[in-house]
Each structure stands twice: as structure tokens, then as C-alpha cells.
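# What the coordinates show
Given next are the chains, with one letter for each unit.
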Amino acid sequence: MGVSLKDVAQRAGVSIKTVSNVVNNYQHVTPKMRAKVQQAIDELGYRPNLTARHLRKGRTGIIALAVPEFGNPYFAELAGEVVDAAARHDYTVLVDHTAGQREKELLVCQGFRSHVIDGLILSPIHLETEDLMARTETAPLVLLGEREYEAPYDHIAIDNVAAAREAVAHLIALGHRRIAFLGSRTGQERQPAHLRLRGWREELAASGIAPDESLVVVTDGYGREDGAAAMASLLDRGERPDAVFAYNDMIAIGAMRTITERGLTIPGDIAVVGFDDIEESRYGATTLTTIAPDKAAIARLAVDSLVERLAGTPVAEPRRPRPGYRLVVRESTTPRASTKPREASGPPS
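Reading the values: the criteria
Residues numbered from 1 in each chain as written. Predicted model: local features only at pLDDT ≥ 70, side-chain atom pairs only at ≥ 80, totals over all residues. Heavy atoms only, no water. Helix = DSSP H or I, 4+ residues; strand = E, 2+ residues; numbered from the N terminus. Buried < 20%, exposed > 50% of the residue type's maximum accessible area, 1.4 Å probe, protein only. Contact = heavy atoms within 4.5 Å. Areas by Shrake-Rupley, 256 points an atom, 1.4 Å probe, with all protein chains shown as cover. pLDDT = per-residue confidence, 0-100. 1 Å grid on protein atoms, 1.4 Å probe; cavity = no way out; pocket = protein on both sides within 12 Å on 5 of 7 lines; lining within 4 Å. Points joined across faces, edges and corners; volume = space filled by probe spheres on them. Domains from an automatic or database assignment. Pairing = 2+ DSSP bridges. Axes fitted to C-alpha atoms, helices over the stretch in contact; angles between N-to-C directions. Expected span 1.5 Å × (residues − 1). Arc of directions from axis to C-beta. Phe/Tyr/Trp six-rings, centres within 6.5 Å; stacked < 30°, edge-to-face > 60°. Lys NZ or Arg CZ within 6 Å of the ring centre and 35° of its normal. Core = buried A, V, L, I, M, F, W, Y, C linked by side-chain atoms within 4.5 Å. Parallel < 35°, antiparallel > 145°, perpendicular 65-115°, else oblique. Left-handed = near helix turned anticlockwise from the far one by under 90°. Nonpolar A, V, L, I, M, F, W, Y, C, P; charged D, E, K, R; others polar.

The protein chain carries the name LacI family DNA-binding transcriptional regulator in an unreviewed UniProt entry, which gives Streptomyces durocortorensis as its organism.

Here it is in C-alpha cells:
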């Protein structure tokens with residue numbers, strides 16, 4: 001049989017109410033009394049019944065995280081950070097996979113799991129502002145991802161344009177002028193790919209370099225195979241760049257494979273910069289220079305925002321915090337023999 005509040009109260013010589021106040025972290029407990037109760041908790045090995053605690057508040061103790069792609073390491077790494085952040089608030093995370101499909105995004109957004117979750121963190125790909133405005137589900141919603149929305153929900157996203165400009169500025173500083181962009185998309189101008197492409201254009205123009213649209217390659221997806229095919233199409237057309245800025249690390253890694261298969265060197269012939277700083281980018285034969293979003297800050301801000309909404313804390317509507325990012329310089333832009341890897345910081349979280 002488990003240790004109860006009553007057992008702790010008897011060991012500490014206090015009331016059950018006092019133990020409850022300490023366990024629930026109420027402020028109006030003296031430090032001396034808190035230490036006395038905590039000692040009894042530690043000695044007895046008491047563990048709160050989190051399910052009962054949430055039920056008393058009319059909660060399930062579960063929040064959902066809906067992401068578009070389990071196969072993308074970025075979302076797997078981000079999910080791990082969300083789980084850790086939620087645990088600090090005694091919440092369990094249910095992870096949903098939308099496969100980037102509009103109908104599945106609508107399903108989770110409209111609350112098909114509302115009977116088992118207290119709130120939702122959603123990273124959408126195809127939802128429009130109108131879809132979010134039509135939402136009738138009352139459970140709190142926090143948006144992730146860099147796509148722009150004008151909807152009354154908290155939205156956690158880094159500054160894609162600024163981050164892309166920093167990546168391109170790094171390549172320009174190294175003397176590159178024919179900088180390709182791999183991973184453009186058609187339509188939906190507020191998607192992250194368009195924001196990163198905008199940063200590519202803006203930084204080139206600001207540096208006095210006319211953006212060469214023949215170096216922009218549209219991809220069907222965001223995987224390694226898409227990057228490999230995009231790089232091959234450029235080289236097959238005779239449009240050889242001296243550097244590549246890829247929409248994400250997986251496209252960049254695929255492009256690097258094609259570059260080396262064609263007998264070219266990285267970064268000697270073509271330098272490469274990615275985006276996301278997935279674990280794979282640190283362990284390839286040539287490590288990848290990349291933009292590293294602060295995934296821990298993204299997760300913490302999203303969970304904290306959701307918990308505040310659940311607690312009914314008065315907050316402004318809506319919030320748009322900007323987590324930080326870093327430009328992590330590795331071998332794909334700087335030969336290993338000449339310069340050690342370094343990090344340049346973006347805006348703070």
C-alpha cells in the first residue's frame with residue numbers, strides 16, 4: 001500500500017492540510033514548516049497522486065502535441081523537449097501525427113480527442129487562418145511552426161526571415177555569390193519555405209547581389225531525397241552554384257550527397273547551409289553548418305503558455321513570443337583544417 005498524505009502528516013507532526021499545501025506548492029507556508037514536511041516526504045518516499053490532483057481540478061492531466069511528420073528528426077527532437085517541459089508541470093503528453101494532411105489537422109484542431117486532453121499544441125502545415133477562426137473547441141490551443149496566422153491563439157515561432165538572412169550573410173562573408181535556395185514551395189505565401197526564401201532574397205539584395213531566381217529550386221517534399229534531386233536538377237541544367245542554402249537539414253544532407261557523387265567537394269566547390277540543427281547534421285562525413293532553433297525554449301514557451309491558459313491566468317490575446325536561434329558553423333562551409341566550429345547567436349528567447 002502506498003504512502004498517504006496522512007502518513008506524511010503523522011511523521012511531520014502537522015495537519016493533512018499543511019502537507020497538502022506543501023505538496024501543491026502553496027505560497028503561504030513558512031520555510032521552516034515546508035522543510036519539515038519535505039523531510040517527512042523524502043523519508044517516507046511519498047509520491048503525489050497526479051491523476052487525482054488533476055481530476056480535482058476537472059482536468060485529465062494530458063495535453064496533446066500534433067506534429068506533421070514523425071520521420072523528420074526535427075519534430076522528434078522537439079517532441080522530446082515538449083514531453084520534458086510538460087513533465088515539469090505534472091502533465092503527460094499524447095503525441096498525434098497529422099502527416100501534414102489538411103483533414104487530419106482539422107480533425108485535431110476541432111477537438112476529436114477533447115474528452116481525453118486538457119489542451120493542444122499544434123504544428124500545422126495546411127491550416128488557414130479561416131480554419132482556426134472557425135474553431136469551436138474550447139480547450140486551449142497553442143500553435144507551433146513558422147507559418148504566419150492572424151488568429152486569436154498563442155503562436156510560438158522563431159523569426160524565419162532574420163534566421164535565413166543570417167545564414168546567407170555567412171555565405172556571402174565567405175565570398176560566395178551564386179547561392180542557391182533549395183526547398184521552395186508553390187502557393188501559400190505564409191509558409192516557412194517562403195519566409196526563408198524571402199530572407200535569402202533580402203540578404204542578397206542588401207549585399208548588392210541580384211537574386212538569381214534560376215538558383216531557386218522547388219521541391220515536392222522536405223526529405224533527403226528531395227534535396228538530392230534538387231541539387232541534381234541544378235547541376236544537370238548547368239546552373240552550378242558556389243553555395244547552397246537549404247530549407248532544412250534533410251534537404252541539405254541530400255544535396256551534399258549529390259555534390260559528392262558528382263565529384264565535387266564541400267565546401268571547396270560548393271558550401272552548404274541547412275536549417276534545424278538535427279542530430280544527423282553533427283555526425284556526417286562532413287558536418288553541416290545550420291541554423292539551430294532553440295527547441296528547448298520553443299517547447300517551454302508552448303507548454304507554459306498552455307498551462308497558463310488552463311489555469312485561467314489573465315494574459316494578453318494573443319501572444320507571439322520569438323524563441324532564439326543560433327548559426328552553428330561547421331565543416332560544410334568552413335574547411336576543418338582552417339577554422340574551428342563556432343556559434344553565432346540570433347535573437348534571445
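From this point, the narrative continues.
### Section: the overall build of the protein chain
Helix and strand counts for the protein chain stand at twelve helices and twelve strands. Residues classed as buried in the protein chain amount to 51% of the 349 residues present. For the protein chain, restricting intrachain contacts to residue pairs at least 6 apart in sequence, the fraction spanning at least 24 positions comes to 67%. Surface summary for the protein chain: the accessible area is close to 16300 Å², and the carbon and sulfur share equals 52%.

### Brief notes about the confidence of the model for the protein chain
Low pLDDT means the predicted atomic positions in that stretch should not be read closely. Chain-level statistics for the protein chain give a pLDDT mean of 86 and a share of 88% at 70 or above. The model gives residues 337-342 a pLDDT under 50, and that stretch makes six contacts with residues more than four places away or in other chains.

### Things to note about the layout of surface pockets
Computed from the structure, the largest pocket encloses a volume of approximately 600 Å³. Around the largest pocket sit 35 residues that line it, and Pro68, Glu69, Phe75, Ile125 and Tyr222 are the ones nearest its centre. Sorting the residues of the lining of the largest pocket by element identifies helix H5 (73-87), helix H9 (192-206) and helix H10 (224-236) as the ones contributing at least two each. Here the lining of the largest pocket spans two domains, and each of domain 2 (62-158 + 295-323) and domain 3 (160-293) adds at least three residues to it.

### Some remarks on the sheet that holds strand E5 (residues 154-156)
An order of E2-E1-E3-E4-E5 is seen for the five strands of this open sheet, with the pairing classed as parallel. The open sheet has two edge strands with one neighbour each: strand E2 (92-97) and E5. Shown here is a sheet whose adjacent strand axes are inclined to one another by a mean of 20°, direction ignored. The sheet contact formed by strand E3 (residues 119-122) and strand E4 (residues 141-144) spans three bridges and is parallel. Within the sheet, the bridge partner assigned to Leu120 lies in E4 and is Leu141.

### A closer look at helix H3 (residues 31-44)
The end-to-end C-alpha distance of H3 is 20 Å, a good match for the 20 Å that 14 residues give at a rise of 1.5 Å each. Taken as a whole, H3 has its buried residues at Val37, Ala40 and Ile41. Within H3, the buried residues cover an arc of 100° as seen down the axis, which keeps them to one side. Opposite the buried face of H3, at more than 90 degrees from it, the exposed residues are Pro31, Lys32 and Asp42.

### Structural notes on the packing of aromatic side chains
What characterises a pair of aromatic rings is the spacing of the ring centres plus the angle enclosed by the ring planes. Per the counting criterion, the structure on display carries three aromatic pairs. With a centroid separation of 5.3 Å and 80° between ring planes, the pair formed by Tyr74 and Phe75 is classed as edge-to-face. For the pair formed by Tyr74 and Phe75, the shared burial category is buried. Residue placement shows Arg185 over the ring face of Tyr222; its charged tip is 4.5 Å from the ring centre.

### Considering the nonpolar core
Grouped together as the largest cluster of nonpolar side chains are 72 residues, with contacts concentrated most on Ile121, Ile179, Leu182, Trp200, Met231 and Phe245. Residue assignment places this core across two domains, with domain 2 (62-158 + 295-323) and domain 3 (160-293) each supplying three or more. If we skip the residues at most four places from it in the chain, Met231 touches Leu182, Pro241, Val244, Ala255, Thr258, Ile259 and Ile270. Counting residues in hydrophobic clusters, the runner-up holds 14 residues, among them Ala66, Leu127, Leu132 and Ala151.

### Overview of the pairing of E3
With burial as the criterion, each face of E3 is covered, one bearing Gly119 and Ile121 and the other bearing Leu120 and Leu122. Two strands pair when backbone bridges link them, and strand E1 (residues 62-67) and E3 are joined in this way by four bridges, in the parallel orientation. Across the sheet, Ala64 pairs through a bridge with Leu120, a residue of E3.

### Regarding the packing of helix H1 (residues 5-12) against H3
Helix-helix packing: each pair is described by the crossing angle between the helix axes and the interaxial distance. It is the contact of H1 with H3, at a shortest axis distance of 9 Å, that shows an interaxial angle of 120°. Considered as vectors, H1 and H3 are oriented oblique to each other. The handedness of the crossing between H1 and H3 is right-handed. Contacts between H1 and H3 involve Asp7, Val8, Arg11 and Ala12 on the former and, on the latter, Lys36, Val37, Ala40, Ile41, Glu43 and Leu44. Of the residues assigned to the contact of H1 with H3, the class counts are six nonpolar, no polar and four charged.

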